[in-house]
Each structure stands twice: as structure tokens, then as C-alpha cells.
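Residue strings, one per chain:
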Amino acid sequence: MISLRTFYSGSKNEHSLVLLHAFPLSSIMYERAAAVIAEHAPSYNIILADFPGFGTAAAETSWTLSGSMVELHSKLGELGIGSPVIAGLSM
């Protein structure tokens, strides 16, 4: 199961940016960049995601990237985030 944490919550909650980490790292890789983004784009919510077994996400014996994207979509929907900007690094 992926783990999401809000790094920064924009003052107007107008936009959301979701950052997906590289393998085999975790969302910690984005903390400095997220701080800079928050400073220069204060209307963005910045959400950091961890894939299963990385960072704050519990390990799973079997998971897929496509399954994690379905889960991400669901979790963002639960948070009321319908059209986020998603960024990350290639495997």
C-alpha cells in the first residue's frame, strides 16, 4: 500500500503536486525540492508518495507500479484532489 504525506498545504488549496520517488529511494529525496516549490508556488499543495516498502509505506510481498497508480488515484480522490500535477523519475 502506498503512503501519502502532505509536505506543504497551499494557502488557497488551488492546485496539488504529487511527487513520486525514484527506486530504490523514498519521498525523502524530494524534501528540499518541495520546500523550494512551496516557497515559489504557495498555492500548491505538495504531496509526497512512498511506494510499498519505501519510506513510510509498509512492505508488501507483491505489488505493481500500475496497481500503485490505481491506489494513488483512489487515495487522491478521497482527499478531494481531482486533477493533480504528478511528477517523478523514471525507473
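Residues numbered from 1 in each chain as written. Predicted model: local features only at pLDDT ≥ 70, side-chain atom pairs only at ≥ 80, totals over all residues. Heavy atoms only, no water.

Asks: Is there a simple way to think about the overall build of the protein chain in this case?
Replies: Each helix and strand in the protein chain was counted, giving 2 helices and 4 strands. Ordering the α and β elements of the protein chain from the N terminus gives β-β-α-β-α-β. Its C-alpha atoms give the protein chain a radius of gyration of 13 Å, within 12% of the compact-globule value 12 Å for 91 residues. A total of 91 residues make up the protein chain; the buried ones form 35% of that total. The contacts of the protein chain with a sequence gap of at least 6 include a subset with a gap of at least 24, amounting to 77%. Accessible surface for the protein chain amounts to roughly 5400 Å². Of this, 58% is attributable to carbon and sulfur atoms. Where the 4 positive side-chain charges of the protein chain centre and where its 7 negative ones centre are 6 Å apart. (Helix = DSSP H or I, 4+ residues; strand = E, 2+ residues; numbered from the N terminus. Rg over C-alpha atoms; globule rule 2.2 N^0.38 Å. Buried < 20%, exposed > 50% of the residue type's maximum accessible area, 1.4 Å probe, protein only. Contact = heavy atoms within 4.5 Å. Areas by Shrake-Rupley, 256 points an atom, 1.4 Å probe, with all protein chains shown as cover. Lys, Arg positive; Asp, Glu negative; His and termini not counted. Charge placed at Lys NZ, Arg CZ, Asp CG, Glu CD.)

Asks: Would you take a moment to explain the pattern of salt bridges for this structure?
Replies: Close approach of charged atoms allows side chains of opposite charge to pair. If you walk through the whole model with that rule in mind, you get 2 salt bridges. When the shortest N-O distance is used, the salt bridge between Arg5 and Glu31 registers 2.6 Å. A residue pair is termed long-range when its members are at least 10 positions apart, and Arg5 in strand β1 (residues 3–8) and Glu31 in helix α1 (residues 31–40) qualify at 26 residues. Look at Arg5 and you get partly exposed, because its relative accessible area is 26%. A residue is classified by how much of its surface remains accessible, and Glu31, at 30% relative accessible area, is partly exposed. The partner of Glu71 in a salt bridge is Lys75, with the nearest N and O atoms 3.6 Å apart. Taken together, the positions of Glu71 and Lys75, both in helix α2 (residues 65–78) and 4 residues apart, correspond to about one turn of that helix. By the burial criterion, Glu71 is buried, and Lys75 matches it. (Salt bridge = Lys/Arg side-chain N within 4 Å of Asp/Glu carboxyl O.)

Asks: Can you walk me through unusual backbone geometry in this structure?
Replies: Excluding glycine, most residues fall at negative phi; most peptide bonds, likewise, are trans. In this structure, Pro24 follows Phe23 across a cis peptide bond, with omega equal to 5 degrees. Within the secondary structure, Pro24 is located in the loop between β2 (15–20) and α1.

Asks: Explanation requested: the nonpolar core in the structure shown.
Replies: One broad rule of soluble globular proteins: the nonpolar side chains tend to lie buried together. Of all hydrophobic cores here, the largest spans 10 residues; its members are Ile2, Val18, Leu20, Ile47, Ala49, Phe51, Phe54, Leu72, Leu76 and Ile81. Taken together, the elements giving at least two residues each to this core come down to β2, β3 (44–50) and α2. Once residues within four sequence positions are removed from consideration, Ile47 is found in contact with Leu4, Arg5, Thr6, Leu17, Val18, Leu19, Leu76 and Ile81. Counting residues in each nonpolar core, the second largest holds 7 residues, with Leu17, Tyr30, Ala34 and Ile46 among its members. (Core = buried A, V, L, I, M, F, W, Y, C linked by side-chain atoms within 4.5 Å.)

Asks: Looking at this structure, how should I read the side chain of His21?
Replies: Tracing the backbone through its elements, the reader meets His21 in the loop between β2 and α1. For His21, a relative accessible area of 1% translates into the label buried. Reaching out from His21, the side chain makes a polar contact with the backbone oxygen of Leu25 at a distance of 3.0 Å. At 3.0 Å, the side chain of His21 forms a polar contact with the backbone nitrogen of Phe51. (Polar contact = N/O pair within 3.5 Å; in protein donor to acceptor, adjacent residues only side chain to side chain.)

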